[in-house]
Amino acid sequence: VTSDWAPSNKVMSLTEAVSGSVRSGDTIFIGGFGHCIPFALARAIVRSDIRHLTVCKTGADIVLDLLVASGSVDEIVVGWFGNPGLGISHVISRALSVGQLRLSESTNFAVLLRLHAARLGVPFLPTRTIAPGNLRDRTRDVETVTCPFTGEELTAVPALVPDVALIHAQRADRDGNVQMWGVTGDTVIGAEASRRVICTVEEIVESTTIRTNPDRTILAGHRVNAIVAATRGAVPSYVEGHYPRDDAFYQQFQTHSKDASWVDEFVARIRRNEEDAAWSSA
Amino acid sequence: VVLSMIQLAWNAATQFVDGERVFVGIGHPALAAMVARRTLAPHISMLFESGVDAADPQRAPLSTGGAEVAAGAARHGDMLDAFADLQQGLIDLGVLGAAQVDRGGNLNSTVVGSYDTPRVRLPGSGGAHDIAVLARRVLVVQPHDPKRLVDKVWFTTCPGWHEGREHPVGGVLRRGPVAVATERGLFTLQQGELVLTAVTAGGTVADALEGLDWRAGSTSLAELPPLPDDLESRFGDLFSGSS
């Protein structure tokens, strides 16, 4: 292949990407919002010996349950955690109740603004959310700030800089240019806030495909450290244009995750690489 | 489909104002907006926190980022687009549910029991606190249940009526929860308290207040518009996929 933009090659295996970019003690951001949840990357972390992670996300998915159940997470920084549309997280509730996990909770907008501050390269952002009351009292990292121009009092939230963002998208090229369409939610904001980005994709395509549709590019290659081909890497969530959400799996997980031993076996199956069994068993 | 769920969605739908921009949560709020859009308020524009704007879901979504929300929308923005419009004051009506709502319009989605040692740890605010604080007004859609319509919430995830709500914030009045729809009636905010101001067509005040410490706003109450006979047959598909 000849080109005049000096292509690099950021394509690597899932294991290489995770061991090369995620370290114990890191703060990680999880991309996807209902759509394109990076389950393949989460499973790779479960299989690794990476520990003591802080995981941040506006509104989480059961991918967070998986990471917490594996024992690799010390703290979550979230606006919401649970099983979307179905209810509470039994896994996270248990981990919190036994003191295995710390919770830093605020709201989806507040977490988003903390990431956006990092993305903008400023130490904080002012906002009108986080009103005085119970939630504010329980929200760490919130202060009052006076606008130097109007004198108005606002809430200030500090920048949150993840060490690494884990995202899944439809496609990318070897340079690391990532294309994603459909719902993106907080994906781009969180990825651009992060020091490193790992991206799994349904397919790796030629750069000409990317460069003839640059309006679909959410991250240019210079912001992306690793590209991994991971077909069906967002299952059981969905990928626009590829596969639908496995609603039945989310339902089963909600029912069975009440039982801690079921969750332990679920994690063990992932560690044994019995992924098909883990993701279809009831 | 359970009739009470359709009645709840309908009663809430009667409170939408045609042409308004509405910020919609998952569950009963989304169903209410979907029914309103097909009946009394065809020109509302639905925004979901995922950033999907001018959405028109055909089936009850499980997630604000779901394919049901994404399909047929006018725009896939991102989450910052959604909350930016909310903070600017561009959202007329936020539509929320909660584990509990109290007479002051405070909502709890955080804990059952005490915060530090909860009996049940709930999912938390999500975007609900942001919507309750920043929308021009908020409609709460809540099944009739004395455990969920209470005198005082365990934890105020979303603030209801309080001093200061009568003053503009960023040039915009943001009144918070001003109404609670149940399948039995409608409560609206009067002098800082949610009181029963209408009952379901054919229903009674006693039914609408059954088991609650809440009160009626006056001795003779209006009836909400009757549930259209054909709502389930015409729009039953809306309810598939939800609980």
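Residues numbered from 1 in each chain as written. Chains lettered and ligands numbered in written order. Predicted model: local features only at pLDDT ≥ 70, side-chain atom pairs only at ≥ 80, totals over all residues. Heavy atoms only, no water.

(A) Structural context of the overall build of chain B. Along its length, chain B carries seven helices and 15 strands. Against the compact-globule benchmark of 18 Å for 243 residues, chain B has a radius of gyration of 17 Å, which places it among compact chains. By its C-alpha atoms, chain B is 45 × 45 × 40 Å across when sized along the principal axes. Considering chain B as a whole, with its 243 residues, one finds that 60% of them fall into the buried category. Treating the 19 positive side-chain charges of chain B as one cloud and the 27 negative ones as another, the clouds have centres 3 Å apart. (Helix = DSSP H or I, 4+ residues; strand = E, 2+ residues; numbered from the N terminus. Rg over C-alpha atoms; globule rule 2.2 N^0.38 Å. Buried < 20%, exposed > 50% of the residue type's maximum accessible area, 1.4 Å probe, protein only. Lys, Arg positive; Asp, Glu negative; His and termini not counted. Charge placed at Lys NZ, Arg CZ, Asp CG, Glu CD.)

(B) Seen up close, the sheet that holds strand β7 (residues 153-158) of chain A. All names here are of chain A. Across the sheet, which stays open at both edges, the three strands sit in the order β5-β7-β6 with antiparallel pairing between neighbours. On the outer flanks of this sheet lie β5 (124-127) and β6 (143-146), each paired with one strand and no other. The sheet shows a mean angle of 45° between the axes of neighbouring strands, direction not considered. Pairing of β5 with β7 involves four bridges; the strand directions are antiparallel. (Pairing = 2+ DSSP bridges. Axes fitted to C-alpha atoms, helices over the stretch in contact; angles between N-to-C directions.)

(C) Focus on helix α2 (residues 39-47) of chain A. Extensive coverage of α2 of chain A is indicated by the burial of eight of its nine residues. Restricting attention to buried positions, one finds in α2 of chain A the residues Phe-39, Ala-40, Leu-41, Ala-42, Arg-43, Ala-44, Ile-45 and Val-46 of chain A.

(D) Fine view of the pattern of salt bridges. Overall, the coordinates contain 26 salt bridges over all chains when judged by the stated rule. The partner of Arg-195 of chain A in a salt bridge is Asp-163 of chain A, and the shortest N-O contact between them spans 2.9 Å. Remark: Asp-163 of chain A occurs in the loop between β7 and β8 (164-172) and Arg-195 of chain A occurs in the loop between α7 (187-193) and β10 (196-204); sequence separation between them is 32 residues. Taking the relative accessible area as the measure of exposure, Arg-195 of chain A reaches 54% and is therefore exposed. For Arg-21 of chain B, the salt bridge is made with Asp-53 of chain B, and the minimal N-O distance between the two is 3.2 Å. Taken together, the residues Arg-21 of chain B in strand β1 (residues 21-24) and Asp-53 of chain B in strand β3 (residues 52-53) connect sequence positions 32 residues apart. As far as the burial class goes, Arg-21 of chain B and Asp-53 of chain B line up, both buried. Salt bridges sharing common partners tie together Glu-265, Arg-269, Arg-272 and Glu-274 of chain A. (Salt bridge = Lys/Arg side-chain N within 4 Å of Asp/Glu carboxyl O.)

(E) Unusual backbone geometry, seen in detail. Cis geometry marks the peptide bond from Val-235 of chain A to Pro-236 of chain A; its omega dihedral reads 15°. A positive phi angle, near 60°, is found at Asp-141 of chain A, a position not held by glycine. Secondary-structure assignment places Asp-141 of chain A in the loop between α6 (134-138) and β6. Backbone geometry places Gln-191 of chain B, a non-glycine residue, at a positive phi of 50°. The residue Gln-191 of chain B is located in the loop between β13 (185-190) and β14 (193-199) in this model. Accessibility expressed as a relative area gives 83% for Gln-191 of chain B, which makes it exposed.

(F) Here's a closer look at the side chain of Thr-187 of chain A. Residues and elements named next belong to chain A. Residue placement: Thr-187 occurs in helix α7. For Thr-187, a relative accessible area of 0% corresponds to the buried category. The residues contacting Thr-187, other than those within four sequence positions of it, are Phe-29, Gly-31, Gly-32, Ile-167, Met-180 and Ile-218. (Contact = heavy atoms within 4.5 Å.)

(G) Quick peek at the interface of chain A and chain B. The interface is formed by 44 residues belonging to chain A together with 42 residues belonging to chain B. Among the residues chain A hides against chain B, the three largest losses belong to Phe-109, Arg-128 and Arg-138 of chain A. Together they make up 19% of the total. On inspection of chain A and its partner chain B, the count reaches two salt bridges. A salt bridge links Arg-121 of chain B to Glu-105 of chain A, with the nearest nitrogen and oxygen atoms 2.7 Å apart. Among the secondary structure elements, those contributing two or more residues to the side of chain A that touches chain B are β3 (73-80), α4 (90-97), β4 (102-105), α5 (108-120) and α6 of chain A. Element by element, the count of residues in the side of chain A that touches chain B is highest for α5 of chain A, at seven residues. Of the residues contributing to the side of chain A that touches chain B, the split by class is 18 nonpolar, 17 polar and nine charged. (Buried area = accessible area lost by both parts, 1.4 Å probe. Nonpolar A, V, L, I, M, F, W, Y, C, P; charged D, E, K, R; others polar.)

(H) Representation of the packing of aromatic side chains within the structure. For the coordinates displayed, the defined rule picks out nine aromatic pairs over all chains. Judged by centre distance (5.0 Å) and plane angle (10°), the ring pair of Phe-109 of chain A and Phe-83 of chain B falls under stacked. With Phe-109 of chain A in helix α5 and Phe-83 of chain B in helix α4 (residues 79-88), the pair connects residues from two separate chains. Judged by relative accessible area, which is 2%, Phe-109 of chain A ranks as buried. With a centroid separation of 5.7 Å and 40° between ring planes, the pair formed by Phe-23 of chain B and Phe-83 of chain B is classed as tilted. (Phe/Tyr/Trp six-rings, centres within 6.5 Å; stacked < 30°, edge-to-face > 60°.)

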